[in-house]
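If you want the building blocks of each chain, they are given just below.
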Amino acid sequence: MDRSSGILLPISALPSPYGIGSLGKEAYAFVDFLKSAGQKYWQLLPLGPTSYGDSPYQSFSTFAGNPYFIDLELLAQDGLLDLEELDAYSWGSSPRYVDYGQIYVSRFQVLRKAFVAGWERDREQVEAFRQENTWLDGYALYMAVKKHFDMTSWRRWPDEDIRLRRPEALEKYRRELAEDVNFYSYLQYLFFKQWNALRDYIHAQGLKIIGDLPIYVAMDSADVWAEPHFFQLGEGNVPTEVSGVPPDYFTEDGQLWGNPLYDYDRMKADGFGWWIRRVEGAGKLFDVIRIDHFRGLESYWAVPYGEETAKNGRWRKGPGMELVGVLTSWFRNLEFIAEDLGFLTPAVQELLAASGLPGMKVLEFAFDIREPSNYLPHTYSPHCVCYVGTHDNETVMQWREQADPANVRMARKYLGLNEAEGFNWGMIRGGMSSVADIFVVQMQDCLGLGAESRMNTPGKLGGNWEWRLLPNEASPALAKKLIQYAKMYGRA
């Protein structure tokens, strides 16, 4: 990886008059901003369709794109919508925050209009898209049946035959719900048509895309419903154990994520084909893939199904280099980043070294007066990616206000932070000047925003993933300031 830098901003956080960011003109404008700011990377969160809680890490499919991100103005230019009609819908009351409840109601009504207008015209192209994406049939049927049963999780569908994917039931619902199957297929065609155009523009500007690959998939997903044999499920496809992380300094009860765990023995017997297909799908979206919770590939925390906290879990051995080696050797055109945050055992450190992947350094973790930290910039080797903070952390201005004052004093002394430069810009300077190959900063930290703009608070239910960039905040003045730092530290 060449010495460079980038900005973390989810698609959902782009400005838009329709309640949530999308793949239209504001996305292209942000690419132009990144280029003028001397940046090489745009880091995104997962792009899949979101479920209850709106987390991009709990998606209905690891392959599909989020219909919320389909740009309505582009659909109007394509003759599928009348822009004037969109004013009749409510998209939420705040340009700063996504109102997911309102978006859910309005967006699918509008997209149904686009489907009615375009299906017959585009069905040959959709068929070609389906042939190229073998996951689409299962996903579209899954969503159609899910809608038929009032969007309940597939494990609660009242028809056991379709719940367990018996062939006659699959054929029955595919026939009876044909219009909805076509609708959900069409949405994916539209998403990837817009995404591919945007990605081509990003590449034409000399930029690359970093994207997240969540280590787990959601239980309520087409992935688990379509291929339950690759997961640790018991009778009736009920999980035996589920995912999480143990109690630590930050969370007394640990974190109970609840995702189904993989049956790695069966996956290995299949040559890890499921993972190969998954990363191949991610490679259609991203140039660099950040493997979320990398330590879980060495060993993972397994919590008995039905537990209310993650306390009573146990460590179980993961696939390690058997899987990591398959992925890195199979996809030589992709780059990977290991999200190696948290408590790392010697075995995890050995896996990271064996993989050859760059790990992550987070400046907000660096300043702890209680003990030495390998997140301090003077301890870095070049082969890493430095962040001020990630989407799971406080904004840097929030950290200044809420962290232990002694830790903040340490940061001020270590980095020479001062009011003239600005606390957030001093932290950005600290990351920019480090030897890390890549430096990434959240857009909120470029703007010096506080707690009100935090993207996600792990363990908190509700109020996450809502923050949005306002029009004109990605300004020429901000780009000029960023490129000055990038040039000064050899990252432009």
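Undergrad: Help me understand the overall build of the chain, please; the structure alone is not making it clear to me.
TA: A tally of regular secondary structure across the chain gives 17 helices and twelve strands. Here the C-alpha radius of gyration of the chain, 23 Å, is about what a compact globule of 492 residues would show, namely 23 Å. Dimensions of the chain, computed from C-alpha atoms along their principal axes, come out at roughly 70 × 55 × 40 Å. Counting all 492 residues of the chain, 59% fall into the buried class. In the chain, once contacts between residues fewer than 6 apart in sequence are set aside, the share between residues at least 24 apart is 73%. When the accessible area of the chain is evaluated, it comes to approximately 20,600 Å², of which 50% is carbon and sulfur surface. Distance from the positive charge centre (50 side chains) to the negative charge centre (65 side chains) of the chain: 4 Å.

Undergrad: What am I meant to see in unusual backbone geometry here?
TA: Of all residues except glycine, most have a negative phi; of all peptide bonds, most are trans. Residues other than glycine seldom take positive phi values, yet Asp54 does so here, at roughly 65°. For His293, which is not glycine, the phi torsion reads 50° and is therefore positive. Secondary-structure assignment places His293 in the loop between β6 (288-291) and β7 (299-304). Classification of His293 as buried rests on a relative accessible area of 11%.

Undergrad: When you look at the sheet that holds β7 in this model, what are you seeing that I'm missing?
TA: Remark on secondary structure: sheet strands pair via backbone hydrogen bonds, oriented parallel or antiparallel. Ordered in space as β5-β4-β7-β8, the four strands form an open sheet in which the pairing is antiparallel. Each edge of the open sheet is held by one strand with a lone partner, namely β5 (255-260) and β8 (314-317). Strand-to-strand twist in this sheet, taken as the mean axis angle between neighbours without regard to direction, amounts to 50°.

Undergrad: For this particular structure, what's the right way to read the packing of aromatic side chains?
TA: For any pair of aromatic rings, the description rests on two quantities: the centre-to-centre distance and the angle between the ring planes. This structure, assessed with the given rule, holds 43 aromatic pairs. An angle of 25° between the planes, with centres 5.6 Å apart, marks the rings of Phe30 and Phe33 as stacked. Remark: Phe33 and Phe30 occur in helix α1 (residues 25-36); sequence separation between them is three residues, near one turn of the helix. Like Phe33, Phe30 is buried. Connected via pairs of aromatic rings, a cluster forms that spans Phe63, Phe115, Trp119, Phe129, Trp135, Tyr139, Phe183, Tyr184, Tyr186, Tyr189, Phe191 and Phe192.

Undergrad: I'm lost on the pairing of β6 in this one. Help?
TA: Regular strands place their side chains on alternate faces of the sheet. Residues Val288 and Arg290 point to one face of β6 and Ile289 and Ile291 to the other, with burial holding for every one of them. Here strand β3 (residues 208-213) runs beside β6; their pairing, made up of four bridges, is parallel. Opposite Asp212, over in β6, you have Arg290 as the bridge partner. Relative to strand β9 (residues 335-338), β6 runs parallel, the two sharing four bridges. Of the residues in β9, the one forming a bridge with Ile291 is Ala338.

Undergrad: Just to check I follow, could you spell out the pattern of salt bridges for this structure?
TA: Oppositely charged side chains are able to pair whenever their charged atoms sit close together. For the structure shown, the criterion picks out 28 salt bridges. A salt bridge links Glu160 to Arg166; the nearest nitrogen and oxygen atoms lie 3.3 Å apart. Close ionic contact of Arg314 with Glu241 constitutes a salt bridge, the shortest N to O distance being 2.9 Å. Within this pair, whereas Arg314 is found in strand β8, its partner Glu241 is found in strand β4 (residues 241-245), the two being separated by 73 residues in sequence. Assessed through its relative accessible area of 44%, Arg314 is described here as partly exposed.

Undergrad: Is there a simple way to think about the sheet that holds strand β11 (residues 384-387) in this case?
TA: Strand order in the open sheet formed by eight strands is β9-β6-β3-β2-β1-β12-β11-β10, with parallel pairing between adjacent strands. Each edge of the open sheet carries a strand with a single partner, namely β9 and β10 (359-362). Along the sheet, successive strands turn relative to each other by an average axial angle of 25°, direction set aside. With three bridges joining them, strand β1 (residues 4-8) and strand β2 (residues 41-43) adopt parallel strand pairing. Looking at the pairing, Ile7 lines up with Trp42 of β2. Against the sheet, α1 engages β1 and β2, with an angle of about 135° to β2.

Cut-off values and rules
- Residues numbered from 1 in each chain as written.
- Predicted model: local features only at pLDDT ≥ 70, side-chain atom pairs only at ≥ 80, totals over all residues.
- Heavy atoms only, no water.
- Helix = DSSP H or I, 4+ residues; strand = E, 2+ residues; numbered from the N terminus.
- Rg over C-alpha atoms; globule rule 2.2 N^0.38 Å.
- Buried < 20%, exposed > 50% of the residue type's maximum accessible area, 1.4 Å probe, protein only.
- Contact = heavy atoms within 4.5 Å.
- Areas by Shrake-Rupley, 256 points an atom, 1.4 Å probe, with all protein chains shown as cover.
- Lys, Arg positive; Asp, Glu negative; His and termini not counted.
- Charge placed at Lys NZ, Arg CZ, Asp CG, Glu CD.
- Pairing = 2+ DSSP bridges.
- Axes fitted to C-alpha atoms, helices over the stretch in contact; angles between N-to-C directions.
- Phe/Tyr/Trp six-rings, centres within 6.5 Å; stacked < 30°, edge-to-face > 60°.
- Salt bridge = Lys/Arg side-chain N within 4 Å of Asp/Glu carboxyl O.

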